[in-house]
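One letter stands for each residue in the lines below.
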Amino acid sequence: MSDFIAKEGVQNLHKPGEKLITTHCCYCGMQCGMHIRVNKSTGNVVGVEPRYDWPVTNGKMCPKGVTAYQTIDHQDRIKKPLIKKNGKFVESTWKEALDLIEKNFKRLQEESGKDALSVFGGVSMTNEKCYLVGKYARVGLGTRYIDYNGRFCMSSAAGGFIQTFGVDRGSTLPWTELEHSDCFFIAGSNTAECHPTSIQWFWKAKDKGAKLIVADPRETPTARVADVHLDLKPGTDSALANGMLHLIIKEGYVDEEYVSKRCNNFEELKQNVEKFTPEYTSEITGVAVEKLIKAAHIYGMSPRSVVMFARGVEQQSKGVDNVRLYSSMALLRGQVGKFASGVATFTGQGNGQGGREHGQKSDLLPGYRKLTDPAAVEYISSIWGIDPSEMPKPGVSAYEMFGEIEKGNIRGMHVICSNPAVSAPNLEHIWNGFKKLDFLVVSDFFLSETASFADVVLPATTWAEDEGTTTNIEGRVIRIRKVTEPIGESKPDWEILSLIAERMGKGKHFSYKKAGEIFEEFRLATKGGKADYYGITWDRIDKENGVFWPCPSEDHPGTPTMFEESFYTENGKANLGIVGWKEAGEVPTQDYPLFLTTGRVVFHYLSGNQTRRVDFLMEQCPEPFAEMHPALASRYQLEDGDMVKLKTPRSHMTVKTKITKAIRKDTVFVPYHWGKELAVNQLTSDCLDPVSRMPEFKVCSLQIEKLPTKKGVLTRE
Amino acid sequence: MNKIMYLEFERCIGCRACQAACRECGDHDAKERNYVEYVDFTESRQTYPMLCMQCKDPACARVCPANAIQITDEGVVLSAMEEKCIGCRNCTFGCPFGIPKFDFEENKMYKCDMCYDRSKHDIAPMCASVCPSEAIRFIDFDEMQQLRRRRSQMNLVEGKKPQEGNKWEYVPEFFGVYTD
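Definitions and limits used
Numbering of residues starts from 1 in each chain and follows the order in which that chain's sequence is written. Here chains are named by letter from A upward and ligands by number from 1 upward, in the order in which they appear as written. With the structure being a predicted model, the display of local features is reserved for residues of pLDDT at least 70 and the display and counting of side-chain atom pairs for 80 or more, all residues being used for whole-chain, interface and lining totals. Side-chain figures throughout are based on the complete set of non-hydrogen atoms in the structure, without hydrogens or water. Helix numbers and strand numbers start at the N terminus; a helix is a DSSP run of H or I with at least 4 residues, a strand a run of E with at least 2. In this treatment the radius of gyration is a C-alpha quantity, and the globule benchmark scales as 2.2 Å times the residue count to the 0.38 power. Burial here depends on accessible area, computed with a 1.4 Å probe over protein chains only, as a share of the maximum for the residue type. Under 20% is buried, over 50% is exposed, and the range in between is partly exposed. Contacts are residue-level and defined by heavy atoms, with any inter-residue pair within 4.5 Å sufficient. To measure how exposed things are, a 1.4 Å probe is used in the Shrake-Rupley method; for residues, cover is taken only from the protein chains shown. Under the convention used here, Asp and Glu are negative, Lys and Arg are positive, and both His and the chain ends fall outside the count. In this description, the location of a charge corresponds to atom NZ of lysine, CZ of arginine, CG of aspartate or CD of glutamate. For any pair of parts, buried area is found by adding up, for both, the accessible area (1.4 Å probe) each one loses once the two are put together. Salt bridge, as used here: a side-chain nitrogen of Lys or Arg that lies within 4 Å of a carboxyl oxygen of Asp or Glu. Two N or O atoms form a polar contact when they lie within 3.5 Å of each other; inside protein one atom must be a possible hydrogen donor and the other a possible acceptor, and for residues adjacent in sequence the pair counts only when both atoms belong to side chains. Think of it as three bins: nonpolar holds Ala, Val, Leu, Ile, Met, Phe, Trp, Tyr, Cys and Pro, charged holds Asp, Glu, Lys and Arg, and polar takes everything else, Gly as well. The pairing criterion for strands is at least two bridges between them, as found by DSSP. Here, nonpolar core means buried Ala, Val, Leu, Ile, Met, Phe, Trp, Tyr and Cys residues that are tied together by side-chain atoms lying within 4.5 Å of each other. On a range of 0 to 100, pLDDT expresses the predictor's confidence in each residue. Cavities and pockets were defined on a 1 Å grid built from protein atoms only: a cavity is a group of points that admits a 1.4 Å probe but offers it no way out, a pocket is an open group of points flanked by protein on both sides within 12 Å along at least five of seven lines, and a lining residue is one with an atom within 4 Å of any such point. Grid points are joined across faces, edges and corners, and a volume is the space filled by probe spheres set on the points. To estimate how far a helix should extend, the number of its residues minus one is multiplied by 1.5 Å. Working definition: a ring pair exists when centres of Phe, Tyr or Trp rings (six-membered ring for Trp) sit within 6.5 Å. Plane angles under 30 degrees give stacked, over 60 give edge-to-face, the rest tilted. Any Lys NZ or Arg CZ found within 6 Å of a ring centre and within 35 degrees of that ring's normal is scored as a charge over the ring. Lines are fitted to the C-alpha atoms to define the axes, a helix being fitted only along its stretch in contact, and any angle between axes, read from their N-to-C directions, falls within 0 to 180 degrees. The labels follow the angle: roughly parallel below 35 degrees, roughly antiparallel above 145, roughly perpendicular from 65 to 115, and oblique for the rest. Helix crossings get a hand from a simple test, with the near helix turned counterclockwise from the far one by less than a right angle marking a left-handed crossing and a clockwise turn marking a right-handed one.

Scanning chain A for helices and strands turns up 23 helices and 28 strands. Its C-alpha atoms give chain A a radius of gyration of 25 Å, within 12% of the compact-globule value 27 Å for 717 residues. Overall size of chain A, expressed as C-alpha extent along the three principal axes, is 70 × 65 × 65 Å. In chain A, which comprises 717 residues, the share counted as buried stands at 68%. Long-range contacts, defined as pairs at least 24 residues apart, comprise 73% of the intrachain contacts of chain A with a sequence gap of at least 6. For chain A, the accessible area works out to roughly 23,000 Å², and carbon and sulfur atoms hold 48% of it. Once the 90 positive and 91 negative side-chain charges of chain A are each reduced to a mean point, those two points are 2 Å apart.

Take a look at the structure:
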């Protein structure tokens, strides 16, 4: 064996002159384990090496993960603060930028009150940063207006889980148990493209005979390998789930002992789903009756099954209802709180789980405490060293903040680690909002579409230049390690927030010297909350390959499987979903006869601000496309690659067609990772879920028109 | 090296992590040497990885007039030796799988060498290491034999077998084909 190879544990190629730093990928909720290769003498990042000993991903990575390190010293990195002068960005010093921010923030608050400022956070950051963003808004700036991009991503899952189980942890079971499951019911998730490293677990189970049921309007790479593919009409998930509940009850698959001991409202549920016969369900959803019966049969007969879902069911105007109904399927089968079975949602962003627990939501404080609960306010105020009366009241959700800008209530904004100018719905409204703001500060490491609207851009660091923890898809808290020193004059977000807070006269609340100090305060802030991280330490995470929350004390082993004994509701029983069927917020009409749905491709992440700068990923997927069925294409005399104009009641755009039988005949799919004229979110609807305030990205009505084929750059007419 | 590369096409999810990872391998100069293809995108999303088969009697080496393509003791077929290669591109025409490619700027041939710096120490090549769906695996010969047997058994259990003329339909059919 060569000297180049690590002597202990699982072998990795260890090249001379290099060290391997153990960390996790910066992109989706899988948070795949990886080693970053660093040149020992220069400290530069030179590549990546799989991490075979990480139990969740076993060295597997997707193309984004393999190339993630290339963003660290990318030529587009912002290395100095930028100030907009005469419409152009000019490099400045930190002092100049902070002086300008202090002057404008103070001016706006003096003129229009504390709530004139707002903070728009993100969840591709560590728990420490997410926690600090909440504290920065409420203590540093004293504003009620704070929300984050998780509102576009996770909030319906959170709302549904809280209503059903009393607490929101995205997965009730660890991923490593999935290989022992007998059946996966996956709804609205293109797992193979959005969380590729999960697929190994499905295949491991499938090799032992497990079955896969996928509900999706598209025959995604995940649906392609399903035993049953329920190709439903976009926006009809609640009917499909009710139909499945109907069949589970009618066919006698209910675990009656479990339901009577651990669930509320079974009789109401029974009554509610009475009318959702396979025929009625098929009429609404467009899924063949035989397929519904087969799916219910496979799911109902499986001793260990997992119901999983993602943005497909959550990004709807009834996303919370969908989550409740799909979760109820697992409850009726008595699967929640047991080995290798349960309910899970795929977190889209790196820290989609942790980031939603620690006070970035407009109505929540750290540890899932409610801002409307006086005891919670008192406890967090004591940790933050403020008077409870100083704690701002709940604000509004992410999209609604732009309504407040329109009304003139919000005049300044600080966007941190987020790019709503691409990822929000109904983009013209968002762009107009940014233009209307008196003062916009953006912290980012690339000049994103949102940053181009800013008055000041502050150079932040990538995930590899800072340290901290994130909470992965399973609820496992893991360590992100510092790999290299910050590039240029960039600074970690927590340092930037502390500097601004100091300028706003709140320096004593933000006297951190390193990320570890924030973690200690954060542990205390979550103590006793529903999302209790108090017992988790960085040392424990290293020793135990991550620790699952809730973990209330240092001698507590963590909670890989949730709800083994009881639920977090008032009487300890889960609430079954009693929800009828409603149309989507916008449905096809004579003028707009088709469905438009949006989503991801495997090569890009969120708004594409990072992945669009990586050569390999751009080579694979350089521009958006309109995916449609050949039958639909022929109706409009379109051939593969023809330019097509997509129009919804809000706006229009031009893209190339991509023709495949792997989609419904009434649906067009466009990925959303591009900005400006290539942003499909110009077209998407701003219908919000009444509970989670999450926009309906997955359904809106669409009209298409053939254009003369144009080669070259796409332009908006 | 005691292991072999095993491909299971129907597992491929088309993510091309194998290609991205191939570029990361030691001396690959950021060029991938394996490929992922669609069977027929208009019909299905079925993709498959295409790697060098490391043939026992490789056509690329046989047609090389300069004898520039070496085969290691372990049976790994390497890229053409720069000092011997005359740039005739016979190898690129000779390979039935389209694996060897020619870099006209650098004037040299490159092909999959199974990440020889890794695989000679029994560490999985980069493509097999990262493949999220385990469509590409680096496993023992015995394990491969078992997997092949199990695959045939599963086909029998499911009552499926490929028929003359519809071999491309076979894979999507087996794993659930999209229907109206």
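So, on to the interface of chain A and chain B. Taken together, the contacts link 58 residues of chain A with 44 residues of chain B. When chain A packs against chain B, close to 4,200 Å² is buried across both sides, 50% of that on carbon and sulfur atoms. The largest contributions to the chain A side of the interface with chain B come from Trp203, Asp207 and Arg224 of chain A, which together make up 18% of the buried area. The tally of links between chain A and chain B comes to eight salt bridges. When the shortest N-O distance is used, the salt bridge between Arg118 of chain B and Glu49 of chain A registers 2.9 Å. Summed over the shared surface of chain A and chain B, the result is 18 residue pairs in polar contact (both at pLDDT 80 or more). Only strand S3 (45-50), helix H1 (63-67), helix H6 (199-207), helix H7 (221-224), helix H22 (615-620) and strand S26 (652-659) of chain A provide two or more residues apiece to the side of chain A that touches chain B. Its residues assigned to classes, the side of chain A that touches chain B comprises 25 nonpolar, 14 polar and 19 charged.

Another point: the pairing of strand S5 (residues 77-80) of chain B. Residue and element names in this part refer to chain B. Sheet topology note: the strand S4 (residues 69-71)/S5 ladder contains two bridges and is antiparallel. If you follow Ile69 over to S5, its bridge partner there is Ala80. With antiparallel pairing between neighbouring strands as the criterion, S4 and S5 make up a hairpin whose turn holds five residues, including Gly75 at a positive phi of roughly 95°.

It is worth spelling out the environment of Gly558 of chain A at this point. Residue and element names in this part refer to chain A. With respect to the helices and strands, the residue Gly558 is situated in the loop between strand S21 (547-548) and strand S22 (574-575). Owing to a relative accessible area of 9%, Gly558 belongs among the buried residues under this scheme. Sequence separation between Gly558 and Val477 is 81 residues; the distance between their C-alpha atoms is 9.8 Å. Residues within four places of Gly558 in sequence aside, it is in contact with Arg540, Val547, Phe548, Pro550 and Cys551.

Residue and element names in this part refer to chain A. An order of S19-S20-S21 is seen for the three strands of this open sheet, with the pairing classed as antiparallel. Looking at strand neighbours, the two that pair on one side only are strand S19 (468-471) and S21, the edges of this open sheet. Note that strand S20 (residues 476-480) and S21 share two bridges and pair antiparallel. Counterpart to Arg476 in the pairing with S21 is Phe548.

What follows concerns the nonpolar core. All names here are of chain A. Ranked by internal contacts, the top residues of the largest apolar core, which has 113 residues, are Phe105, Tyr136, Phe185, Leu230, Tyr326 and Leu332. Sort the elements by how many residues they give to this core and helix H3 (residues 127-141) lands first, with eight residues. Filtering out sequence-adjacent residues up to four positions away, Leu230 remains in contact with Phe185, Ile213, Val214, Ala215, Asp216, Leu240, Val287, Lys291, Leu292 and Ala295. Within the second largest apolar cluster, 90 residues are counted, among which are Phe202, Val225, Val306 and Phe625.

Across chain A, the average pLDDT comes to 94, with 97% of residues at or above 70. This stretch, residues 712-717 of chain A, has a pLDDT under 50; its non-local contacts, to residues over four places away or in other chains, come to 15 contacts.

This next bit is on the layout of surface pockets. Regions of empty space are outlined by a rolling probe, equal in size to a water molecule, passed over the atoms. Residues and elements named next belong to chain B. When its volume is computed, the largest pocket comes out at roughly 590 Å³. Lining the largest pocket are 22 residues; nearest its centre among them are Ile4, Met5, Met53, Gln54 and Met114. Where the lining of the largest pocket is concerned, the elements lending two or more residues are strand S1 (3-7) and helix H6 (141-158). Broken down by class, the residue content of the lining of the largest pocket amounts to 15 nonpolar, three polar and four charged.

With that settled, the discussion passes to the pairing of strand S18 (residues 456-459) of chain A. Residue and element names in this part refer to chain A. Covered by surrounding structure in S18 are Val456 and Leu458 together with Val457 and Pro459, the residues of both alternating faces. Of the pairings in the sheet, the one linking strand S4 (residues 82-85) to S18 comprises two bridges and is antiparallel in character. Within S18, the position partnered with Ile83 by the bridge is Val456. Sheet topology note: the strand S17 (residues 439-444)/S18 ladder contains four bridges and is parallel. Of the residues in S18, the one forming a bridge with Ser443 is Leu458.

The next point concerns helix H12 (residues 289-301) of chain A. In a regular helix each residue adds 1.5 Å, so 13 residues correspond to 18 Å; H12 of chain A covers 18 Å between its end C-alpha atoms and thus fits that length. Listing the buried residues of H12 of chain A in full gives Val289, Lys291, Leu292, Ala295, Ala296, Ile298, Tyr299 and Gly300 of chain A.

Note the cis peptide between Trp549 of chain A and Pro550 of chain A, where omega equals -5°. With a phi close to 50°, Asn86 of chain A is a non-glycine residue in the positive phi region. Note on placement: Asn86 of chain A falls in the loop between S4 and strand S5 (88-91). We note that Ala30 of chain B has phi near 55°; this positive angle belongs to a residue other than glycine.

Below, the discussion takes up the packing of aromatic side chains. For the structure shown, the criterion picks out 31 aromatic pairs over all chains. Judged by centre distance (5.4 Å) and plane angle (55°), the ring pair of Phe276 of chain A and Tyr280 of chain A falls under tilted. Positioned over the ring face of Trp201 of chain A is Lys204 of chain A, at 4.7 Å from the centre of the ring. Positioned above the aromatic ring of Tyr110 of chain B is the side chain of Lys31 of chain B, whose terminal nitrogen or guanidinium carbon lies 5.6 Å from the ring centre.

So, about the side chain of Ser490 of chain A. Residues and elements named next belong to chain A. Examined against the element boundaries, Ser490 turns out to sit in the loop between S20 and helix H19 (493-503). Look at Ser490 and you get buried, because its relative accessible area is 5%. At 3.5 Å, the side chain of Ser490 and the side chain of Arg77 are in polar contact. A polar contact of 2.6 Å, which involves the side chain of Ser490, links it to the backbone oxygen of Ile487. Those residues within four positions of Ser490 in sequence are excluded, and the remaining contacts are Arg77, Ile78, Lys79, Pro459, Ala460, Thr461 and Glu465.

We now examine the packing of helix H8 (residues 237-250) of chain A against helix H14 (residues 319-332) of chain A. All names here are of chain A. At a closest axis distance of 9 Å, the pairing of H8 and H14 adopts a crossing angle of 20°. Taken together, the axis directions place H8 and H14 in an arrangement best described as roughly parallel. Helix-helix and strand crossings are classified by hand; for H8 and H14 the assignment is left-handed. Residues Asp237, Ser238, Leu240, Ala241, Asn242, Met244, Leu245, Ile248 and Ile249 of H8 form the contact with H14, whose own contacting residues are Asn322, Leu325, Tyr326, Ser328, Met329 and Leu332. Looking at the contact of H8 with H14 residue by residue, the classes come out as ten nonpolar, four polar and one charged.

The next thing to look at is the pattern of salt bridges. As enumerated under the stated definition, the model contains 55 salt bridges over all chains in all. Salt-bridge contacts for Asp117 of chain B lead to Lys15 of chain A; the nearest nitrogen and oxygen are separated by 3.7 Å. With Asp117 of chain B in helix H4 (residues 116-119) and Lys15 of chain A in the segment before strand S1 (18-24), the pair connects residues from two separate chains. Asp117 of chain B gets classed as partly exposed once you look at its relative accessible area, which sits at 23%. A salt bridge links Glu134 of chain B to Lys204 of chain A; the nearest nitrogen and oxygen atoms lie 3.9 Å apart. Placement of Glu134 of chain B in the loop between helix H5 (126-130) and strand S8 (136-140) and of Lys204 of chain A in helix H6 is noted, with the two residues assigned to different chains. Classification of Glu134 of chain B by relative accessible area gives buried; the value is 14%. Judged by relative accessible area, which is 21%, Lys204 of chain A ranks as partly exposed.

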